[in-house]
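Now for the letters of each chain:
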Amino acid sequence: MLDLQTTWFLLIGVLLVGYAILDGFDLGVGLLHLFVARTDRERRIVVNAVGPVWDGNEVWLLTGGGALFAAFPGVYATVFSAFYLALMLVLAALIFRAVSLEFRSKLESPRWRGSWDWAFAVGSGLPALLFGVAVGNVLRGLPMDAAGDYTGTFAALLNPFSLLVGLLSTSMFLMQGSAWLLLKTEGEVAARTRRIALPAWGAFTLLWIASTVAARWAAPAAWAPYSEGLPWLAPIVLVVALVSFPLALRSGRKGLTLTASSSAIAALMAVLGQGLYPYVVPALGEGTLSLSIYTASSSPYTLEAMLVIALIGMPVVLGYTLFIYSRFRGPVVLDDHSY
Amino acid sequence: MDATWLARMQFALTVMFHFLFPPITMGLALLISILETKRWRTGSDVYRRASDFWLKLFAVNFVVGVATGIVMEFQFGTNWAGYSRFVGDIFGAPLAAEGVFAFFLESGFLGLLLLGRHRISSFVRWLAAVMVWLGSTLSGFWILVANSWMQTPAGYVLRNGRAELVDFWAAVFNPSTLPRFAHTMASAWVCASFLMAGVASWLFLKGRGSDVARISLRLGTVAAFVSTLLVLVTGDRHARQVAHTQEAKFAAMEGLYSTEAGAPLILFSLPPSQHGMPDAPTIAVTKLTSYLAFGNFQAPVSGLDRFPKEDWPPVAVTFLSFHNMVILGNVMLLLSLLGVYLLARGRLETSRRWQTLMLWAIPLPTIAIQLGWMAAEAGRQPWIVYNVMRTADGVSKAVKAPEIAFSIALFSLIYLLLGSLWLYLLCREIAHGPETTTSTEGA
């Protein structure tokens, strides 16, 4: 039987997986934007491939942040204050990503549109990299005092292992973005995307292997769960997904390509989650200070109340989200309301 | 400059800039839903064009609200780690609920409404508009739950060195939630109504009074009047709640330094200070504060003298922002009263003087809303959770002053750019005007 803390560890994991899969393709599309679309019409198609859904996708992050605050306030406080400057950069980038999509189409001027194209690309690329850097630091553990306050510096966050994980997340979003664009575009844009999809997959695979090996030294706890059977499920799914991706890509099965990429994301995050559990933020050096789901959680009453909110709210959210996605099924068709 | 002061400045910057946009979003969503209801029921093309026009302005405003709102969701953790640890058991839940019940709804259906209009039926289009309105309203509700809990905490006990939730509904419907939610919603409707009436007035002034401008002017004027009245009623209710539950804040709002039975209502005065009222004449109505707050001209009202000086809010800011908000509220009430009078006389579309007034009145609700929030938040000081935790104890220990200064500088630049673009694009969309059937019909 799962206890409340474990349940919330899983639920926040679900929210973050939802974010990584859904806004993941938005970020990836932003990364690809400048490369796969050359003319204004092509760029409009790419922008409209995420236009109707990016905002709803970003809500997964907001809700994840809110749920983390509610369920594990100690973690929310420690992690976000530790990553203060990095997070400010991510927020600034997400601001530009948001307005670039809406503002781009407002003026015809090539300079105006070109600037927003760059804003879309950088506003997507920076978070794609920094999310991974943050995850890398959490896996390594953060230097902190007894109150849970971070005692390191900003520069210390840019350590080799975390940067490696940052590259891993960037390639992951690139792979996911290309899988989404293949589904939403045709012709030249799709052809260019297909040429990037395979290298993105290759980079992701190599970087995953590299960071897994590096974790042996940088984050040994991530290797701990595999003395038992069940934890093997996640890496096995990840390998199956990674093997399927190029096969699905070659056979032109776009839905399956996206499914493979999304499964790889979910499985990778499960690997990370079970590598941390029952800790959320290990303390670097001083293990006794680590924030676990039990030491950093809210009271059982709050966790129960939140569970009711999640059980009432999320099925409804999933219902209308599916409906909205279904309205935009198929490749982008530009009309007079498009961006 | 210490880190606490900088963190407060950063919060003031990000929250005040952010809250330029949500009132327009929440209010315009309601007005668009009204237009959409007429469109859906009558099938008339003019309502479709009116809704299309206002949706364009809505979209520009909405995205800036979303972009600046992301910062808010994370800022408690980045700048207020001490606070987050202390209240996380209570404060995080409404933020999460806002995501689950409001943001998904609002953003999902807005995408459908803006970009999927050709892919949905007339009914679904109406439904999407109403869901956007519902989502934005629910978002307002949950964020006010969170903020109201900081003003009048309830449903908790102090345990394990933090505030722990013991009664969810008592925390959600704490003494100030409903008065503040009602007042905030009404003020958002005022904001959008004045925008709608002002923009339509401009179209008439420019000789572009099309059918869309006409229904916008009428809807804006009637909505402005109704919502301004509601602001007055809810404001009175909210002020009485403050008098009962946040006495020091109320004393600072009203400029009452000494506790007395039959407290006067100060209408105009030079700025007061932490030492007392200025040595200059004030205009006041005797005993009126006692009556307004407690329904009895002789009722005793606590002055600041009842509280130790370290528990006083900054009196000047609280007093001035509150009084100027009330003054603006009355100006808007007079304007909208004039509007419905002209409407009844059938002179709304021809009175250029009124239209000019309404054009210049567009920013008034926004200014009043900002002042109202300054009174609410400055009046809460020196507490981050009223009478429970001091603001200085809530700040992040891990974040150093130079880091905050850097990010204030960064975000000031971004906000300057964003604010200018927002204004520029709104003006452009307005100048472009609504789609007309024939070129300048009705001019």
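Novice: Would you mind going over the overall build of chain A with me for this structure?
Specialist: Scanning chain A from N- to C-terminus turns up eleven helices and two strands. When the helices and strands of chain A are read in sequence order from the N terminus, they spell out α-α-α-α-α-α-α-α-α-α-β-β-α. Relative to the compact-globule value of 20 Å for 339 residues, chain A shows a C-alpha radius of gyration of 20 Å, a close match. Dimensions of chain A, computed from C-alpha atoms along their principal axes, come out at roughly 60 × 40 × 35 Å. Across the 339 residues that make up chain A, the buried fraction comes to 58%. Across chain A, the fraction of contacts at a sequence separation of at least 24, relative to all contacts at a separation of at least 6, is 79%.

Novice: Hey, could you run me through the interface of chain A and chain B in this one?
Specialist: Interface size is commonly expressed as the accessible area that is lost once the parts come together. Listed as interface residues are 56 residues of chain A and, on the opposing side, 57 residues of chain B. Broken down by secondary-structure element, the contributors of at least two residues to the side of chain A that touches chain B are helix 3 (54–71), helix 4 (73–82), helix 5 (84–104) and helix 11 (300–327) of chain A. A per-element tally of the side of chain A that touches chain B places helix 11 of chain A first, with 13 residues. The residue makeup of the side of chain A that touches chain B, split by class, is 35 nonpolar, 15 polar and six charged.

Novice: I'm lost on the nonpolar core in this one. Help?
Specialist: Note on soluble globular proteins: their nonpolar side chains tend to be buried together. Within the largest apolar cluster, 273 residues are counted, with the highest numbers of intra-cluster contacts made by Leu-91 of chain A together with Leu-31 and Trp-54 of chain B. Residue contacts for Trp-54 of chain B: discarding those within four places in its chain leaves Leu-28, Leu-31, Ile-32 and Leu-35 of chain B.

Novice: Can you help me understand the confidence of the model for chain B in this one?
Specialist: Interpretation of this model should avoid reading the predicted coordinates in detail wherever pLDDT is low. Residues and elements named next belong to chain B. With 98% of its residues at a pLDDT of 70 or more, chain B has an overall mean of 92. Under a pLDDT of 50 for its full length, residues 438–443 has, in the predicted model, eleven contacts with residues more than four places off or in other chains. The ipTM value of the predicted complex is 0.90, and its pTM value is 0.92.

Novice: Can you walk me through the environment of Val-133 of chain A in this structure?
Specialist: Residue and element names in this part refer to chain A. Tracing the chain through its elements places Val-133 in helix 6 (residues 110–140). For the pair Val-133 and Ala-37, spaced 96 residues apart in sequence, the C-alpha separation works out to 28 Å. Once residues within four sequence positions are removed from consideration, Val-133 is found in contact with Ala-86, Leu-157, Ser-162, Leu-163, Val-165 and Gly-166.

Novice: Before we go on, may I ask you to explain helix 5 of chain A in this structure?
Specialist: At 3.6 residues per turn, the α-helix brings residues three or four places apart onto the same side. Between its terminal C-alpha atoms helix 5 of chain A stretches 30 Å, which fits the 30 Å expected from 21 residues at 1.5 Å a residue. Most of helix 5 of chain A sits inside the fold, with 20 of its 21 residues counted as buried.

Novice: Could you clarify how one ought to interpret the packing of helix 1 (residues 4–36) of chain A against helix 8 (residues 187–218) of chain A in this entry?
Specialist: All names here are of chain A. At their nearest, the axes of helix 1 and helix 8 sit 10 Å apart, and the two run at 115° to each other. Between helix 1 and helix 8 the crossing geometry is right-handed. Each of Leu-32, Phe-35 and Val-36 in helix 1 lies in contact with helix 8, whose residues at this interface are Val-189, Arg-192, Thr-193 and Ile-196. Residues belonging to the contact of helix 1 with helix 8 are distributed by class as follows: five nonpolar, one polar and one charged.

Novice: Before we go on, may I ask you to explain the environment of Met-306 of chain A in this structure?
Specialist: Counting through the fold element by element, Met-306 of chain A comes out in helix 11. Along the backbone, Met-306 of chain A and Arg-216 of chain A are 90 residues apart, and their C-alpha atoms lie at a distance of 36 Å. Sequence-distant contacts of Met-306 of chain A, that is, excluding residues within four places in its chain, are made with Ala-70 and Ala-71 of chain A together with Ala-93 and Ala-96 of chain B.

Novice: I tried to follow unusual backbone geometry on my own but got confused; where do I start?
Specialist: If a residue is not glycine, its phi is most likely negative; likewise, a peptide bond is most likely trans. A cis amide bond links Tyr-277 of chain A to the next residue, Pro-278 of chain A, at an omega of 0°. At the junction of Gln-381 of chain B and Pro-382 of chain B, the peptide bond is cis and its omega measures out at 5° in the coordinates. Tracing the backbone shows Pro-382 of chain B in the loop between helix 13 (364–378) and strand 7 (383–385). Phi is positive for Asn-160 of chain B, close to 50°, though the residue is something other than glycine. Along the chain, Asn-160 of chain B turns up in the loop between strand 1 (156–159) and strand 2 (162–165). Asn-160 of chain B gets classed as exposed once you count the C-beta atoms within 10 Å, which come to 9. With a phi angle near 65°, Asn-387 of chain B is a residue other than glycine that sits in the positive phi range.

Novice: Hey, could you run me through the packing of helix 3 of chain A against helix 3 (residues 45–79) of chain B in this one?
Specialist: When two helices pack together, their arrangement is given by the angle between the helix axes and by the axis-to-axis distance. At a minimum axis separation of 9 Å, helix 3 of chain A and helix 3 of chain B run at an interaxial angle of 15°. The angle between the axes of helix 3 of chain A and helix 3 of chain B places the two elements in the roughly parallel class. Handedness of the helix 3 of chain A/helix 3 of chain B crossing: left-handed. Along its contact with helix 3 of chain A, which presents Asp-55, Leu-62, Gly-65, Gly-66 and Phe-69 of chain A, the element helix 3 of chain B presents Val-66, Ile-70, Glu-73, Phe-74, Phe-76 and Gly-77 of chain B. Its residues assigned to classes, the contact of helix 3 of chain A with helix 3 of chain B comprises six nonpolar, three polar and two charged.

Novice: Is there a simple way to explain the environment of Leu-4 of chain A in this structure?
Specialist: Residue and element names in this part refer to chain A. Within the secondary structure layout, Leu-4 lies in helix 1. A count of 19 C-beta atoms within 10 Å places Leu-4 in the partly exposed class. For the pair Leu-4 and Leu-62, spaced 58 residues apart in the sequence, the C-alpha separation amounts to 22 Å. With near-sequence residues (within four places) excluded, Leu-4 lies in contact with Pro-300, Leu-303 and Glu-304.

Novice: In this structure, what is going on with helix 8 of chain A? I would like to understand it.
Specialist: With 32 residues, helix 8 of chain A should reach 46 Å at 1.5 Å per residue; the first-to-last C-alpha distance of 44 Å fits that figure. Buried residues in helix 8 of chain A make contact with helix 1, helix 2 (40–50), helix 6, helix 7 (160–184), helix 9 (233–250) and helix 10 (254–276) of chain A.

Novice: How should the pairing of strand 2 of chain B be read in this particular structure?
Specialist: Two faces belong to every sheet, and in a regular strand the side chains alternate between them. Residues and elements named next belong to chain B. One ladder, built from four bridges, connects strand 1 with strand 2; its direction is antiparallel. Bridging from a neighbouring strand, Val-157 pairs with Glu-164 of strand 2. In this antiparallel pair of consecutive strands, strand 1 and strand 2, the connection spans two residues, and Asn-160 shows a positive phi of 50°.

The rules behind these values
- Residues numbered from 1 in each chain as written.
- Chains lettered and ligands numbered in written order.
- Predicted model: local features only at pLDDT ≥ 70, side-chain atom pairs only at ≥ 80, totals over all residues.
- Helix = DSSP H or I, 4+ residues; strand = E, 2+ residues; numbered from the N terminus.
- Rg over C-alpha atoms; globule rule 2.2 N^0.38 Å.
- Buried ≥ 20, exposed ≤ 12 C-beta atoms within 10 Å, placed from the backbone.
- Contact = placed C-beta atoms within 7 Å.
- Nonpolar A, V, L, I, M, F, W, Y, C, P; charged D, E, K, R; others polar.
- Core = buried A, V, L, I, M, F, W, Y, C linked by C-beta atoms within 7 Å.
- pLDDT = per-residue confidence, 0-100.
- Expected span 1.5 Å × (residues − 1).
- Axes fitted to C-alpha atoms, helices over the stretch in contact; angles between N-to-C directions.
- Left-handed = near helix turned anticlockwise from the far one by under 90°.
- Parallel < 35°, antiparallel > 145°, perpendicular 65-115°, else oblique.
- Pairing = 2+ DSSP bridges.

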